[in-house]
Structure formats: structure tokens, C-alpha cells
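# Examining the three-dimensional arrangement
The primary structure of each chain is shown beneath.
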Amino acid sequence: MTLKETTQVDKRDVNNLPCLQRLFLSYNNISNFESVCCLAESPSLSDIAFDGNPIAQESWYKHTVLQNMMQLRQLDMKRVTEEERRMASVVAKKEEERKRESHRQSLLKEKKRLTINNIARQWDLQQHQVTNIATKQDGKDPDSPSRDLCQMDGRAVSEFPEEVGSLDSVLTSTLPGLSVIDTHLVEVDGDTLSLYGSGALESLDRNWSIQTAGMVTTVFFAFIEFDEIVQVFHKLKMKFPNSLHLKFKETNLAMLQQFNALAQLRRVDQLTVDPQGNPVVGFTLWKYYVLFRLSHFSLQKINGTEVTQNDMIMAERLFGILAHVASSELPQYRMISILGDARKKQFRCLQETKGKKPGVVSEENNDSKRLIGENTNRAVLNYTTRDFYDEKLEETKKKKKFCKVYMEDLVKEATEISTKGMALQRLWPQLFIELVRDAVLETRSKNSYMKLCLQQIADQK
């Protein structure tokens, strides 16, 4: 059978021709396989031609036709070989695997999106709770706007499980073991390690492979309190030694003092602080403070902007005097406790040279003193997390309570001793008279006293 001016074949036509063996559809306007796929259901069809159609120009044309029409012996007037059938089967399997992998990746992307949304909602609820507690502590009655925000979040959360449930059933059947109700997310994408939610910080305790750890150069933190991040900086420095770029989003960076904590890292070339959830970005001079405090890192970019020499000079002018005043007012013992072991010796050397005459100290020592002094000035600008501060405050309260109880016991004991002493002073004259009287009575008869003494000695033996 030969058909002209045809764009598709209907399944009813195939059913009406049960004995069809040869079909010529050359030079029609067939552009996709779906329009003729019903021909695969014809068991008698052995010879077909699609040459001259747009479909015949596609790279997948022959493999698709042979894979779906296994009964064909000739295609476009050419005999179909076993090698062509085998290649068609291989290509079809690869295409099927590619589709499955593509579908799997799309589900994983959707799972990631929903997980991040869930983490963001929990973060918002947590921030609103903290705000309400702070408001109550300030003696203010929360107005309706804050309550509306909580209601909005509650409404969002109530809708979220439905959205999760609709996809979770698909994910469970397609990717067993996966769920979209996670409260944190850890992702390594190329050279970037992304941590969402405070629970993701526990991933730094994993045994990361040397290849993966060495490949990571950027670390992204989101929906995590900055004070919690500070506590894992030492792990980050050991696990990912090549991390040069730090990104912060929704981490409650609210004070310039918090940037001091970054000084404990090994190296930072770039710093990105997203305005969302980080109020410190609203400060006009925050970049200059970062450049001053982290000058030993020689930062190259802050929020994507190149750092210039003029920026470094301006940072020194703005905050140099602040660091000098802070270090000059700090006691020596506190200064030594802040500095690292390597710089404690240098600091002591500087203290020793203070007593020498000006001519004794060499020019080289003066330069060393100036350089170390600048580092020391910056080192006193450190950051203490709220939890650490609360622990120290609680420890101080306990010490004060112990000292108070101890002093009260000492005062009580001293009072008792004083009372007994005063009582003794009152009774002593009468006691003294009685002692003298008893002694006189005992020694009045010399013989009787000697016998009494000898008897006491004999009793002791």
C-alpha cells in the first residue's frame, strides 16, 4: 500500500488491514514517530518506507523505528541486518536509562526545593518565637501584626504537608528511602559545599574523602545561627583546608563583632554576606571593618566586589585607633591569654624591650615591634558567642554564690569564737580565784599533799 499527503496513521486503519505487509509512506509530512507508532501493532507488516519525510532526517530515526517495529525486514527499501537491530536495541536502552536518570534528577531537584522550603519555614517560625520572647521580656505586649505573621506561617505549614504528601508518594515509589520532610540539607555541587539548617553542621564530623574535601573551595551557610557556625570553624579548617570563599544567608549576622570569629580560620579570599537575614549588611562601614579585622587574609572580594588598596587604607584609618585603644586598655594577662602560643613569645619580647634605652633597641626590632603591635591590636577584637557568654556568666554566678556562702561561714565561726572569748573574759576572774583557792587548800598540809601526789603517780603506772 502507498499513501500520499499523509501526516499520521490511525489505529483503526491498521486494524482494518490485518494482512498488510508492505506500506510506502515516502514523501509525506510525517514529522514525529508518535503519529505512526500504531503501525508497530501490525504483526504482518514487514516492509515500510519513510524516506522523504521530516522524520527520516532525525538522528534517532532508524534506531527508534527498528526498536518499536521488531517485525520489519526492510526499511526504506533496504534490508534490515541483525547488527542494525542490535544497535537499535543498545541505543534504545541507553535512551531509556537517560530518561530514567533525567526523571530521577528532576525528582531530586524537587525534593531539594521542598526541603529548603521546609527549612526556611522552620527558620522563620524560630525567628518569630525569638522576637516574641524578646518583646515580652521588654515588657511590651505583642500586637496583632506579629500574631498575623505567626498565623501566616502556620497556614503555610499546614499547606506544606499536602504539597509534600503529593510528591512524597511519587518519591517513595521511585526513589525508596528518600523523604521531603528533612530539617536540614547537605549538598556538594562541584567546588561548593552547601549547608542548610543547623543539623547540617553535623556533616562536618563525617569522614569525607580526600578528593571531595580537597575539591571544596566554597562553603555556603543558610538558615543557621552564626553562633552555631562559629563553634564548627575548627572542624571546617581541618576537614576542608582549601575552602577560600564563605557565603552566609539567613545566619543572623547582626554585629560587626561577629566578624572577629572569622580570624580563627586558616584563610579566606572571598566573603559573601547576603542581605537576607543578615542585618549587619545594612551598616555603612561593615566592609571596611571586615577588611581591617581580617587584614592578614588579604581578602580579594567582598560580596563580589574587588578589594582595592584604597579600601585597605580607608579601613585602617577608620578602625586603627579603635583597635589601639582596645589593646592599650587591656591588662597584660588578658592580652597574653588572647594571643596564640606563637605570638605570646613575641609579645613578651616586646614587653622586655620596653625597659631598655632607646639606643639599645635596633631598627629591626622597631620594625618587628610595629608589625607585631598591629597584629596584637587586631587580636584583642575577638568575639564571644552568646552561649559561651551565658556559660561564663553562670560560672561567675556560681563562684559568687560559693564565695558568699564561704564568707558567711567564716563570719559565723569568727562570731562564735568572739562570743566564747568574751564569755571567758567575764568568767576568768572568778575562775582564777577558785584555782588559787584550790591550790592553797591542797598544799596546806605538806604531808597529805605529798601522799596524794605519790598516789597519783602510782595510779598512772
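Overview of the structure. Computed from a prediction, not measured in an experiment: that's the story for all the values here. (Residues numbered from 1 in each chain as written. Predicted model: local features only at pLDDT ≥ 70, side-chain atom pairs only at ≥ 80, totals over all residues. Heavy atoms only, no water.)

## Some points on the overall build of the protein
Short version of the rule: Only runs of H or I of at least four residues qualify as helices and only runs of E of at least two qualify as strands under DSSP, and these elements are numbered from the N terminus. A 1.4 Å probe rolled over the protein chains alone gives each residue an accessible area, and that area as a share of the maximum for its type sets the label: buried under 20%, exposed over 50%, partly exposed in between. The protein chains shown are the only cover counted for residues, whose accessible areas, like all others here, come from Shrake-Rupley with a 1.4 Å probe.
Across its full length, the protein carries 14 helices and 11 strands. In the protein, which comprises 461 residues, the share counted as buried stands at 30%. Summed over its atoms, the accessible surface of the protein is roughly 30,200 Å², and 53% of this surface lies on carbon and sulfur atoms.

## Describing the packing of aromatic side chains
Quick reminder of the rule: Centres within 6.5 Å make a pair out of two Phe, Tyr or Trp rings, where for Trp the six-membered ring is used; the pair is then stacked when the planes are under 30 degrees apart, edge-to-face when over 60, and tilted otherwise.
Scanning the entire structure with this criterion turns up 11 aromatic pairs. Here the aromatic rings of F292 and F319 are separated by 6.3 Å at their centres, their planes lie at 35 degrees, and the arrangement is tilted. Of this pair, F292 sits in helix 8 (residues 286-293) while F319 sits in helix 9 (residues 309-328), and the two are 27 residues apart along the sequence. Judged by its relative accessible area of 2%, F292 is buried. For F319, a relative accessible area of 9% puts it in the buried group. Pairing F402 with Y406 gives two aromatic rings, centres 6.2 Å apart and planes at 15 degrees, and the pair type is stacked. With a gap of four residues between them, F402 and Y406 both fall in helix 13 (residues 386-442), about one helical turn apart. With a relative accessible area of 58%, F402 lands in the exposed category. Given the relative accessible area of 46%, Y406 is considered partly exposed. Chaining the aromatic ring pairs together yields one cluster made of F221, F226, F233 and F248.

## What to know about helix 8
Spacing of three or four residues puts side chains on the same side of an α-helix, whose turn is 3.6 residues. The buried fraction of helix 8 is high, at six of eight residues. Those residues of helix 8 that fall on the buried side of the exposure criterion are W286, Y289, V290, L291, F292 and R293.

## Points about the layout of surface pockets
Filter applied, for reference: Using protein atoms alone on a 1 Å grid, points that fit a 1.4 Å probe yet trap it form a cavity, whereas open point sets bounded by protein on both sides within 12 Å along at least five of seven lines form a pocket; residues with an atom within 4 Å of a point count as lining. Grid points are joined across faces, edges and corners, and a volume is the space filled by probe spheres set on the points. Three classes are used: nonpolar for Ala, Val, Leu, Ile, Met, Phe, Trp, Tyr, Cys and Pro, charged for Asp, Glu, Lys and Arg, and polar for all others, with Gly counted as polar.
Taken as a whole, the second largest pocket spans an internal volume of roughly 410 Å³. In this structure, the second largest pocket is lined by 14 residues; those nearest its centre are T64, N68, A92, E95 and K99. The set of elements that each furnish at least two residues to the lining of the second largest pocket consists of helix 2 (61-68) and helix 3 (82-137). Of the residues assigned to the lining of the second largest pocket, the class counts are five nonpolar, five polar and four charged.

## With respect to the pairing of strand 6 (residues 192-196)
Keep this limit in mind: If DSSP finds at least two bridges between two strands, the strands pair. Orienting the strands away from the viewer, one traces the path from the first strand over the helix to the second; a clockwise path indicates a right-handed crossover.
Counted residue by residue, strand 6 has five buried out of five residues, so it is predominantly covered. Side chains of strand 6 alternate between two faces, with T192, S194 and Y196 and L193 and L195 buried alike. Relative to strand 6, strand 5 (residues 185-189) runs antiparallel, the two sharing five bridges. Paired with L185 across the strands is Y196, a residue of strand 6. Two successive antiparallel strands, strand 5 and strand 6, enclose a turn made up of two residues, where G190 displays a positive phi of approximately 70 degrees. In this fold, strand 6 hands off to helix 5 (residues 210-215), which returns the chain to strand 7 (residues 218-222); that crossover is right-handed.

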